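Coordinates in review
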Amino acid sequence: MHDLRKQALGLESGKTMSRKARSKLGTPSPGGSRSNSAAPSRSGSRVPSRNVSDDEGDFSDGTQWSTNSIDEMIAPGDADDEASETWISDLNDRMNEIIDRKRSSAEGREQTLVGFISHLTRHYAQDQIKHKMGELVPSILKSVKSGQTERETVLALRALGMILITDPRDEVYDTVADTFKRSINDGEYVAVKIAGIRSLSAATFYGGASTEEVEEVMDLFLDIVSSDGAVVEAPDNAEIVTAALEEWGFLATQLEDMEETTEAAMDTFV
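Source: prediction; values computed, not measured.

Side note on the layout of surface pockets
- Taken as a whole, the second largest pocket spans an internal volume of roughly 250 Å³.
- Around the second largest pocket, the lining comprises 16 residues; the ones closest to its centre are Val144, Lys145, Thr153, Gly187 and Val192.
- Taken together, the elements giving at least two residues each to the lining of the second largest pocket come down to helix H8 (133-146), helix H9 (150-166) and helix H10 (172-186).
- When the residues that make up the lining of the second largest pocket are grouped by side-chain class, the tally is three nonpolar, eight polar and five charged.

Structure (structure tokens):
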């Protein structure tokens, strides 16, 4: 069985590549910072084309986002779109559609979530969503718990993660954490598990988790890495291991005393 941790860290067959060789290949050092590795992605693939509608582009397949770390979720906005403010009206329409689920189909909910996510990645929309948080979160959670398709579930997880990044709330972690953990442990699809890892990390960081809860989530991610995904019924899945590695590192920035946590983690990572 291949060591997926080495694959996720960019190593090859147990051999450590020199810095000079990595620089020639454009491969970031495993010890590099998250901000250094994420920057090219933000300015590259995440910038939407002006010929692509809000409902298309990066989110057209509904699952592409789930492989991206949290700092890659946010795309820079289009200056012309910002100035026109037409996005605000459309965002309000999308939120109303999310809240009013009556007679909606899975396909309709998917398209609504795609548009909603697209606006939140391109614009700072805290003022627009903060008054509807009490209705948005429970409604989107329904799609996570009982989504009729893989795409609906993945999009719902992503939407909740983006909501928390846009408007952090101290009380939200307790509302969403158990549902996110179930999506990781019991999700039928790999994309759902990865989306659950990303969104649980966002909820832990932005949703008011205590230090003990942060450590518990980091332990879950470490278990995923040490078992090569087997602990969440996804053995030998490099994407899941990579997501857990990245989000463990993201949450580590919240802890002041990392000595004990790092010691245990190094036994797994090395």
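Considerations on the packing of aromatic side chains
- Inspection of the entire model under this criterion finds two aromatic pairs.
- Among the aromatic residues, those joined into a ring-pair cluster are Phe205, Tyr206 and Phe250.

Concerning the nonpolar core
- If you look at the biggest cluster of nonpolar residues, it comprises 65 residues, and the most contacted ones within it are Phe116 and Phe221.
- Ranked by residue count, the leading element in this core is H9, at ten residues.

So, helix H12 (residues 211-226)
- Helix length check: H12, at 16 residues, gives a terminal C-alpha distance of 22 Å against a target of 22 Å (1.5 Å per residue), a fit within 8%.
- Asp228 sits one or two residues past H12 and shows a positive phi near 55°.

Considerations on unusual backbone geometry
- For Arg103, which is not glycine, the phi torsion reads 60° and is therefore positive.
- The residue Asp236 is not glycine, and still its phi comes out positive at about 60°.
- Mapped onto the secondary structure, Asp236 falls in the loop between H12 and helix H13 (238-252).
- Owing to a relative accessible area of 41%, Asp236 belongs among the partly exposed residues under this scheme.

A closer look at helix H14 (residues 259-269)
- For H14, the set of buried residues is Thr261, Ala265, Thr268 and Phe269. Buried residues along H14 cover an arc of 85° about the axis, so they all sit on one side. H14 presents Glu259, Glu260, Glu263 and Asp267 as exposed residues on the side facing more than 90 degrees away from its buried surface.

Considering a negative patch on the surface
- On the surface, a cluster of negative charge is made up of Glu212, Glu215, Glu216, Asp219, Asp223, Glu256, Asp257, Glu259, Glu260, Glu263 and Asp267.
- Put simply, the parts of the chain that give the negative patch at least two residues each are H12 and H14.
- The element that contributes the greatest number of residues to the negative patch is H12, accounting for five residues.
- Looking at the element boundaries, Glu256 is found in the loop between H13 and H14.

Cut-offs used in this document
Residues numbered from 1 in each chain as written. Predicted model: local features only at pLDDT ≥ 70, side-chain atom pairs only at ≥ 80, totals over all residues. Heavy atoms only, no water. 1 Å grid on protein atoms, 1.4 Å probe; cavity = no way out; pocket = protein on both sides within 12 Å on 5 of 7 lines; lining within 4 Å. Points joined across faces, edges and corners; volume = space filled by probe spheres on them. Helix = DSSP H or I, 4+ residues; strand = E, 2+ residues; numbered from the N terminus. Nonpolar A, V, L, I, M, F, W, Y, C, P; charged D, E, K, R; others polar. Phe/Tyr/Trp six-rings, centres within 6.5 Å; stacked < 30°, edge-to-face > 60°. Core = buried A, V, L, I, M, F, W, Y, C linked by side-chain atoms within 4.5 Å. Buried < 20%, exposed > 50% of the residue type's maximum accessible area, 1.4 Å probe, protein only. Expected span 1.5 Å × (residues − 1). Arc of directions from axis to C-beta. Patch = residues over 30% accessible without salt bridge, like charges linked within 9 Å, V, L, I, M, F, W, Y side chains within 5 Å. Areas by Shrake-Rupley, 256 points an atom, 1.4 Å probe, with all protein chains shown as cover. Salt bridge = Lys/Arg side-chain N within 4 Å of Asp/Glu carboxyl O. Lys, Arg positive; Asp, Glu negative; His and termini not counted. Charge placed at Lys NZ, Arg CZ, Asp CG, Glu CD.

Remember, this is a structural readout, not a statement about activity or role.
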